[in-house]
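Geometric and topological summary
What follows is each chain in one-letter form.
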Amino acid sequence: MLEEEDDEFPLTDDDIRVAVRRWLDTPPWRQRLRIVDDMSPGGLRAYHESLPNKLLNMSADDGISYGDNLSQEANAALDHSEYLDVRGGDRLRRTAAALHNQLREYVDRRMQAVFGQETVAATSVQTVAAPAASPEPAANMTKLSSYITDWQKDIIAGYNHNKALGDETTDQYLKTVEMFIALVGDLPVGKITFDTAAEFRELILQMPAAHGKGGITSPRKELARAKADKDLPRVSMKTAKRHFSGMNSIWKWLVHKKHTPVTAQPFSGHSFPGTKLKKSARDDWSREDLQRLFTSREYREASESSALHWLPLISLHSGMRLEEICRLRPGTDIIVKDGVTCFDIAAREGWDPKTEAGTRIIPVHSWVLRHGFMNFVTQQRARGAEHLFSPELTLHKGKISSGFSREFSKLKIELGVGSKTAFHSFRHSFRTVLDSTDLKESHIDAVMGHEGGGGQGRTYSKRVTTAKLKEVVEAFQSPLELGFLGAAAANPPPPPPKAAVKKRKLTPHVFDANGKVVRHRNR
């Protein structure tokens, strides 16, 4: 069942049209609409029908479907006008339709200005009449479960030029589809509608937060357990949204394989209040929380060659992501460039950085070097370690950092560190300190692997000198003075084995009665 609209504050069509007009008047959209104004008559005539969709797709992230992107734009339009309580799908659908209609009107007005009213009317009649000739294809009555195996193979391999998904993500998506089938039924693809998806959303939100953890229990039994115990914590809106990402993955594949029409987008356009990513979504590590961590018994008792000892220090002083650090190979990825010791983050078999800008060189902070980092690296090289924290951290479902991430999360909760402060917050702390300096933003982006200001910004960042990168890194000073940690006494590499010495048995001299030697000792 869809949630009902808020009767105390309903949104009229006029409300929605005003919200869309205000959204299209924001600087990013005004810049986009100038593309239409600047088009040549030939380009305008050739592309005017597809222009609304093209304008909308310009804001889409990689891998986001047209329907999902349209829903995000509609949500942003409502947020911009402070219509924040978007609880049902109807408001979102109406806003999406109004957004597309206003873009269509904008393009048509430009056509009229260039070619005149009669030309626009004639073109519109032709384009509207054309689709009526082809009837709707018959609904696909093949059950959803029939497609799971082929879909999984394709997303693992990376179909249609999409990036291959890791084991952890594919496993999560598979569990989502299996949960959909368990809760809603193994429906024919052609029978899955927006209302079906809305029902699934409601069932997810009634599930206990701990579902799927520990013993294997069917989703139906978990749902019944939650209904019987009203005090059980329920699934968060963020988790529900993640499950819809899984359903959108298989649906996008079904559309690509032509098992369902592109117009059917049942898992798009649903609202997940409170899940929109904001800059304040994660807190930086405060001085107090850093002190909780670095003075804790767990941290102080950890081996000075352990992941717990080094990972927080490296991330804090470099802004590197957790998996980026864990993927470092001591033999090849700790380099000296232009006389500066650096981390070399680059693609390799089985893994690549998060973005194109993620491929980068990061000088190692002098504090990290003074703390004994190269002693640790030398030790790992001597051991022939494949990765910086081998064999302590191992690959699990495509990630090396998975196990450490879980354990670190438990530790920081036990230490009383807030829920908005995670390991990734070290990266935020690094950026926050650098943003308070006079350094160029493009230079900071080059160190952190941020995309920066468009294509030109990315190209420029690749030309930043090692000396400048070093200057950026050295500008960081920890909010907590860490001198009390001292230099890590990481064990030096084991000494080479001593050459084997053959031992000889020694015998004493033999003397006669007068004290003369009658036989010398063996030498």
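Attention here is on the structure that accompanies the text. Think of each chain on its own: its residues are numbered from 1, step by step along the sequence as written. A pLDDT threshold of at least 70 governs which residues receive local features in this predicted model, and a stricter bar of 80 or more applies before side-chain atom pairs are shown or counted, although totals over entire chains, interfaces and linings include all residues. Side-chain measures here rest on the full set of heavy atoms in the structure, leaving out hydrogens and waters.

Some remarks on the nonpolar core
Burial of nonpolar side chains together is a common tendency in soluble globular proteins. For the record, the criterion: Only buried residues count toward a nonpolar core, which is a set of Ala, Val, Leu, Ile, Met, Phe, Trp, Tyr and Cys residues joined through side-chain atoms within 4.5 Å. The classification of residues rests on relative accessible area computed with a 1.4 Å probe and restricted to protein chains. Under 20% of the type maximum is buried, over 50% is exposed, and intermediate values are partly exposed. A run of H or I in DSSP counts as a helix once it spans at least four residues, and a run of E counts as a strand once it spans at least two, with each numbered from the N terminus. The contact criterion used throughout is that any non-hydrogen atoms of two residues lie within 4.5 Å.
Grouped together as the largest cluster of nonpolar side chains are 58 residues, with contacts concentrated most on F294, L311, F343, F373, F389 and F404. Examining the composition of this core, we find that seven residues originate from one element, helix α15 (residues 307-316), more than from any other. Residues within four places of F294 in sequence aside, it is in contact with Y299, R300, P312, L313, L316, L480, L482, F484 and L485. If you look at the next biggest cluster of nonpolar residues, it comprises 34 residues, including L174, V177, M179 and M247.

Some words on the sheet that holds strand β2 (residues 340-345)
Defined as follows: When DSSP finds two or more bridges between two strands, those strands count as paired. Only the stretch in contact is used when a helix axis is fitted, and all axes are lines through C-alpha atoms; the angle between N-to-C directions ranges over 0 to 180 degrees.
The strand order across the open sheet formed by three strands is β1-β2-β3, and the pairing between neighbours is antiparallel. Whereas interior strands pair on both sides, the edge strands pair on one side only; in this sheet they are β1 (334-337) and β3 (360-363). In this sheet, neighbouring strand axes are inclined to one another by 45° on average, regardless of whether the strands run parallel or antiparallel. Note: β1 against β2, four bridges, orientation antiparallel. Looking at the pairing, V336 lines up with T341 of β2.

Some remarks on the pairing of β2
The buried fraction of β2 is high, at five of six residues. Taken together, the four bridges between β2 and β3 define a ladder with antiparallel strand orientation. Considered in β3, the bridge of D344 is made with I361.

Quick look at helix α5 (residues 66-80)
Stated precisely, the cut-off is as follows: To estimate the expected span of a helix, count its residues, drop one, and scale the result by 1.5 Å.
Helix length check: α5, at 15 residues, gives a terminal C-alpha distance of 21 Å against a target of 21 Å (1.5 Å per residue), a fit within 8%. Turning to α5, its buried residues number three or more, namely G67, D68, N69, L70, S71, E73, A74, A76, A77 and L78. Just beyond α5, the residue with positive phi is E82, at close to 65°.

What to know about the packing of aromatic side chains
Stated formally: Centre distance within 6.5 Å is the pairing criterion for rings of Phe, Tyr and Trp, where only the six-membered ring of Trp is used; planes under 30 degrees apart are then read as stacked, over 60 as edge-to-face, and the remainder as tilted. Only lysine NZ and arginine CZ atoms are considered, and such an atom sits over a ring when it is within 6 Å of the ring centre and within 35 degrees of the ring normal.
One pass over the full model with this rule turns up 20 aromatic pairs. By the ring-pair criterion, three or more aromatic residues cluster together here, those being F180, F200, F244, W251, F267 and F272. The cationic tip of R32 hangs over the ring face of W29; the distance from NZ or CZ to the ring centre is 4.0 Å.

Focus on the environment of S296
Definition in use: Definition of a polar contact: a pair of N or O atoms within 3.5 Å, with one able to donate and the other able to accept a hydrogen when the atoms are protein atoms, and with sequence-neighbouring residues admitted only if both atoms are side-chain atoms.
Tracing the backbone through its elements, the reader meets S296 in the loop between α13 (287-294) and α14 (297-301). Separated by 116 residues in the primary sequence, S296 and K412 place their C-alpha atoms 10.0 Å from one another. Looking at S296, its side chain comes within polar contact range of the main-chain nitrogen of Y299, at 3.1 Å.

A word on the pattern of salt bridges
Stated precisely, the cut-off is as follows: Definition used for salt bridges: Asp or Glu carboxyl oxygen within 4 Å of a side-chain nitrogen of Lys or Arg.
For the coordinates displayed, the defined rule picks out 24 salt bridges. Between K175 and D171 there is a salt bridge; the shortest N-O distance is 3.4 Å. A residue pair is termed a helical-turn pair when its members lie 3 or 4 positions apart in one helix, as K175 and D171 do in helix α9 (residues 167-184) at four residues. Looking at D171, the relative accessible area reads 22%, which means it is partly exposed. Its salt-bridge partner being R292, residue D289 comes within 2.4 Å of it at the nearest N-O pair. A residue pair is termed a helical-turn pair when its members lie 3 or 4 positions apart in one helix, as D289 and R292 do in helix α13 at three residues. Here R292 falls in the partly exposed class, since its relative accessible area comes to 37%.

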